[in-house]
Amino acid sequence: MMRSSAWLTPLSDHPRAQLHLVCCPHAGGMPHFFRDWADQLPDAIALWAVQYPGRGTRQQSDFPDTLLSMADHVARACHPLSHRPIALLGHSMGAALAYEVTVRLEAQGMAPMHLFVSGHPAPHCQRSGSLHRADEQTLLDDVRQQSEEMGTVLGDPALRALFMPALREDYRLIEQYHRDVPVRLDCPITVLRGDVDDEVNEVEAAAWQSASACPLDEYVFSGGHFYLVAQQVPLLAAIKHQLADVLTPTWHDWA
């Protein structure tokens, strides 16, 4: 049975699960962003999501000093999952975090079998920024530019007051993250992005090749930074295709 921890939240629980897919949300994101995926992924995939500090069940938890420190915590939380193959997926800030977690797991002898990076430049192409130090309105404008739905939620003063500290901390972590030279992973990387996403361009996406010894795969979907919502069906089809070699079909899957 899947068990939650401070850092990991289980989103599906299938006795026939053959691998774990651990998802890292965007800045300001929570595990429920991936909850709908559980019904569309095969039973062979156990779905998890990372729970960041400052929200949900971790409202009072302290933030790590850096994204690298956060990756240390998430990597340790993944250790109990090592009895099955692990794949990681991250969107936006979560892509950088998923990469850093993969770096750590490989170094610890628990190499993930695949890394999916969505909507974010390669580590050595990380864009600089200082929005985490900006006034509230400027930060809100950036959120609204990326996600109209998120901007609407933050229009509620009570929710905004509750949520803004965590959002600002997430921005701080990713805006202060950078690697001059990426650690080259042994596992394959698949890049996922929207065709009109202002947060990552073709060159920044292709640069992920420097972070893997395997040939890079890329899927481009119609949409902006949060293409994942409208393109959920083709996105999950791409993820299942990339993981198919690891999954053994069961009679239930063929039915």
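The structure this text deals with has already been given above.
For clarity, every value in this text was computed on a predicted model and none was experimentally measured.

**Q** Describe the packing of helix α1 (residues 67–78) against helix α2 (residues 93–107), listing the residues and the values that go with them.
**A** The geometry of α1 relative to α2 is characterised by a closest axis approach of 8 Å and an angle of 60 degrees between their N-to-C directions. In this view, α1 runs oblique relative to α2, as classed from their interaxial angle. You can see that α1 and α2 cross each other, and the crossing is right-handed. Across the interface between the two elements, Leu67, Leu68, Met70, Ala71, Asp72, Val74, Ala75 and Cys78 from α1 touch Met93, Ala96, Leu97, Glu100, Val101, Arg104 and Leu105 from α2.

**Q** I'd like a rundown of the pattern of salt bridges, residues and numbers included.
**A** In the structure shown here, the tally under the stated rule is eight salt bridges. Arg104 is the partner of Asp72 in a salt bridge, and the nearest nitrogen-oxygen pair spans 2.5 Å. Residue Asp72 is located in helix α1, and its partner Arg104 is located in helix α2; the two are separated by 32 residues in the primary sequence. Classification of Asp72 as partly exposed rests on a relative accessible area of 31%. Arg172 serves as the salt-bridge partner of Glu169, at 2.7 Å between the closest nitrogen and oxygen.

**Q** Outline unusual backbone geometry, supporting the account with residue identities and numerical values.
**A** We note that Ser92 has phi near 60 degrees; this positive angle belongs to a residue other than glycine. Topologically, Ser92 is positioned in the loop between β4 (86–91) and α2.

**Q** Account for the packing of aromatic side chains, naming residues and giving values.
**A** In total, this model carries six aromatic pairs according to the counting rule given. Ring centres 5.0 Å apart and planes at 85 degrees place the aromatic pair Phe34 and Trp37 in the edge-to-face group. Its relative accessible area of 0% is what places Phe34 among the buried residues. The class for Trp37 is buried, based on a relative accessible area of 1%. Ring centres of Phe221 and Tyr227 lie 5.4 Å apart, and the angle between their planes is 5 degrees; this geometry places the pair in the stacked category. Residues Phe221 and Tyr227 agree in their burial class; the two are buried. Put simply, the rings of Phe33, Phe34, Trp37 and Phe226 touch in pairs and so form one group of aromatic residues.

**Q** How would you sum up the sheet that holds strand β5 (residues 114–118)? Please name residues and give values.
**A** Read across the sheet, seven strands follow the order β1-β3-β2-β4-β5-β6-β7 without closing on themselves; strand pairing throughout is mixed. In this open sheet, the two edge strands, each paired with only one partner strand, are β1 (8–10) and β7 (217–221). Strand-to-strand twist in this sheet, taken as the mean axis angle between neighbours without regard to direction, amounts to 20 degrees. The sheet contacts of α2 involve β2 (19–24), β4 and β5, and relative to β4 the element is tilted by about 150 degrees.

**Q** Break down the environment of Phe34 for me, citing the residues and quoting the values.
**A** Positionally, Phe34 belongs in the loop between β2 and β3 (45–50). Between the C-alpha atom of Phe34 and that of Ala49, which follows or precedes it by 15 residues, the distance is 7.2 Å. When near neighbours in sequence (up to four residues on either side) are disregarded, Phe34 contacts Leu11, Cys23, Cys24, Pro25, Leu47, Ala49 and Leu89.

**Q** Could you give an account of the nonpolar core, naming the residues involved and the relevant values?
**A** Burial of nonpolar side chains together is a common tendency in soluble globular proteins. Membership of the largest hydrophobic core comes to 54 residues, with the highest contact counts inside it found for Val22, Leu97 and Leu115. Every residue in contact with Leu115, bar those within four places of it in the chain, is listed here: Leu88, Ala98, Tyr99, Thr102, Leu185, Cys187, Pro188, Ile189 and Thr190. With 26 residues, the next largest nonpolar core counts Leu19, Leu41, Leu89 and Leu235 among its residues.

Reading guide: rules and limits
Residues numbered from 1 in each chain as written. Predicted model: local features only at pLDDT ≥ 70, side-chain atom pairs only at ≥ 80, totals over all residues. Heavy atoms only, no water. Axes fitted to C-alpha atoms, helices over the stretch in contact; angles between N-to-C directions. Helix = DSSP H or I, 4+ residues; strand = E, 2+ residues; numbered from the N terminus. Parallel < 35°, antiparallel > 145°, perpendicular 65-115°, else oblique. Left-handed = near helix turned anticlockwise from the far one by under 90°. Contact = heavy atoms within 4.5 Å. Salt bridge = Lys/Arg side-chain N within 4 Å of Asp/Glu carboxyl O. Buried < 20%, exposed > 50% of the residue type's maximum accessible area, 1.4 Å probe, protein only. Phe/Tyr/Trp six-rings, centres within 6.5 Å; stacked < 30°, edge-to-face > 60°. Pairing = 2+ DSSP bridges. Core = buried A, V, L, I, M, F, W, Y, C linked by side-chain atoms within 4.5 Å.

Remember that the coordinates give geometry; whether it matters functionally is a separate question.
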